[in-house]
Amino acid sequence: QVQLVESGGGLVQPGGSLRLSCAASGSIFSRYSMGWYRQAPGKQREMVATIRFIDSGIYADSVKGRFTISRDNAKNTVYLQMNSLKPEDTAVYYCNTYPPIDKNWGQGTQVTVSS
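Residues numbered from 1 in each chain as written. Predicted model: local features only at pLDDT ≥ 70, side-chain atom pairs only at ≥ 80, totals over all residues. Heavy atoms only, no water.

## So, the overall build of the chain
- When its secondary structure is counted, the chain shows one helix and ten strands.
- In terms of overall dimensions, the chain is globule-like: its C-alpha atoms have a radius of gyration of 13 Å, near the 13 Å expected for 115 residues.
- Dimensions along the principal axes, computed over C-alpha positions, put the chain at roughly 40 × 25 × 20 Å.
- Sorting the 115 residues of the chain into buried and exposed places 43% on the buried side.
- Across the chain, the fraction of contacts at a sequence separation of at least 24, relative to all contacts at a separation of at least 6, is 54%. (Helix = DSSP H or I, 4+ residues; strand = E, 2+ residues; numbered from the N terminus. Rg over C-alpha atoms; globule rule 2.2 N^0.38 Å. Buried < 20%, exposed > 50% of the residue type's maximum accessible area, 1.4 Å probe, protein only. Contact = heavy atoms within 4.5 Å.)

In structure tokens form, the structure reads like this:
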């Protein structure tokens, strides 16, 4: 059973920062590129950032220059550093492989950007 557990979300003011973490169990982490995704109310889930084993990340245009994806292969963890947050970044954030595998979606972590 593969589990992906996201954490680090919360309420932050516009312009603030958050760091999300995703801990992966099982052998999935060592075999796949990983990604962060988000789903805002009333919208489809979208890719935010992806990372291969040692490369730098690939980002959605809406977060480029503000978000940074990284991974610690020894800890089976992928991170998303989010800076200069905007209200439109409000969403539930999920991690998964890239491309995503449906059965691996977890509960996600809520990020709310509001003053």
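Additional details are given in the paragraphs that follow.
## Description of the sheet that holds strand β6 (residues 58-59)
- Reading across the sheet, the six strands line up as β2-β10-β9-β4-β5-β6 and stay open at both edges, with mixed pairing between neighbours. The open sheet has two free edges, formed respectively by β2 (10-12) and β6, since each of these has just one partner strand. (Pairing = 2+ DSSP bridges.)

## Focus: the environment of aspartate 89
- Summarising the element assignment, aspartate 89 is placed in the loop between β8 (77-82) and β9 (91-98).
- Separated by 15 residues in sequence, aspartate 89 and alanine 74 place their C-alpha atoms 29 Å apart.
- For aspartate 89, the contacting residues outside a window of four places in its chain are Arg38, Val63, Arg66, Phe67, Ser84, Val111 and Val113.

Just distances and angles here, no functional claims.
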